[in-house]
Amino acid sequence: MIDIRLNPPRPRWDVIIFTLALHLGVLLAFLPTNFSWSAVGVALFLHWLTVGLGISLGFHRLATHRSFKVPKWLEYFFILCGTLAGQGAVKGWVGYHRMHHLYADLPDDPHDSTLGFWWSHISWLMHEVPNRTKLSRFTKDIADDPFYQFCHKHYIALQVALAVLLYGLGGMPFVVWGIFVRLFVGFHSTCFVNSACHKFGYRNHEVDDRSTNCWWVALLTFGEGWHNNHHAFQSSARFGWRWWEVDIVWLTIRLLEKLRLATNGKTTNSTFNLRN
């Protein structure tokens, strides 16, 4: 166990450069020639597809916590959508999140919120966190799956392919809004779960970490902002429990159940061992 306050971690310059390029690319949206309402519509649709279905439903509730089951072809579709969110390779995303739950707000938590808002929001991604070598322990169940391997290896190439497709459909406005703006919003929306949802909001459950429920993060992430509920019932596919805690992804899972495309939707904490 290494205290990063005493031993500052090494910067990950590839991530830093990519993040800077993404934020600079967003500035292109302010050029009048890069604006159209159809481009905004594309960005909103892709935000739902990649963050709602991809990250929240696919990477998080399905791949990380195994909170429900779907046919393999549908699981792969959700994992592809999550890969297109541009939030890193799937095995890293799943491994870090499982690690977060096991060591929540302790030194081995990759985005330990006790180290400050900036660290838990984005800085942890830009540094070699001390426990990165442990990742393989947390992803044994998906490590040998060929489709997961493909998405893990080619997540940047898939993003480039999407950009080429968008350019062909709508030129630079579709690329600027469908890639740069959409990735910017999706990236920070998800990062707010690690930062804002350990600082702002309210708590329904007393758990051994700083997790909170934050309504505006839930709005941005289709239900992920009910983070204190999630930490209390980590294996549950349902995050919003009170009537005002709207959880779009849970409603989507319920719809899939009605269509007989999802089974074993869990609302308790009695499943998947994060230590596996």
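Parameters at a glance
Chains are numbered independently. Their residues run from 1 in the order of the written sequence. The predicted nature of this model means local features are confined to residues of pLDDT at least 70 and side-chain atom pairs, given and counted, to a pLDDT of 80 or more, with totals for whole chains, interfaces and linings taken over all residues. Each side-chain value is worked out from all heavy atoms of the structure, with water and hydrogens disregarded. Partly exposed describes any residue whose relative accessible area lies between the buried limit of under 20% and the exposed limit of over 50%, with all areas from a 1.4 Å probe on protein chains only and scaled to the type maximum. Note on conventions: DSSP H or I runs of at least 4 residues are helices, E runs of at least 2 residues are strands, and numbering of each starts at the N terminus. This arc corresponds to the set of directions leading from the helix axis out to the C-beta atoms. Contact between two residues is taken to exist if any of their heavy atoms lie within 4.5 Å; hydrogens are not considered. Here, a salt bridge means any side-chain nitrogen of Lys or Arg that lies within 4 Å of a carboxyl oxygen of Asp or Glu. Each residue gets a pLDDT score, which is the predictor's confidence in that residue and runs from 0 to 100. We call a pair of cysteine sulfur atoms a disulfide whenever their separation is within 2.5 Å.

(A) A look at helix 10 (residues 248-258). For helix 10, every residue scored as buried is listed here: Val249, Trp250, Ile253, Leu256 and Glu257. Projection of helix 10 onto a plane perpendicular to its axis shows the buried side chains occupying an angular sector of 115°, all on one side. Here the buried face of helix 10 lies against helix 2 (37-64) and helix 3 (72-83). Looking one or two residues beyond helix 10, the residue adopting positive phi is Arg260, at roughly 60°.

(B) Broad picture of the pattern of salt bridges. Evaluation of the coordinates by the stated rule reveals seven salt bridges. Residues Glu75 and Arg66 are paired through a salt bridge, measuring 3.1 Å at the closest nitrogen-oxygen approach. A salt bridge links Glu75 to Lys72; the shortest N-O distance between them is 3.4 Å. Here Lys72 and Glu75 lie together in helix 3, a separation of three residues that amounts to about one turn. Here the salt bridges do not stand alone but share partners, grouping Arg61, Glu224 and Asp247 into one network.

(C) Focus on the confidence of the model for the chain. On average, residues of the chain carry a pLDDT of 93, and 94% of them reach 70 or more. This stretch, residues 270-276, has a pLDDT under 50; its non-local contacts, to residues over four places away or in other chains, come to 21 contacts.

(D) View of the state of the cysteines. As enumerated under the stated definition, the model contains zero disulfides in all. No disulfide involves Cys191; its sulfur sits 12 Å from the nearest other cysteine sulfur, which is in Cys197. Look at Cys191 and you get buried, because its relative accessible area is 5%. Cysteine Cys197 shares no disulfide, and the gap to the nearest cysteine sulfur, in Cys214, comes to 4.9 Å.

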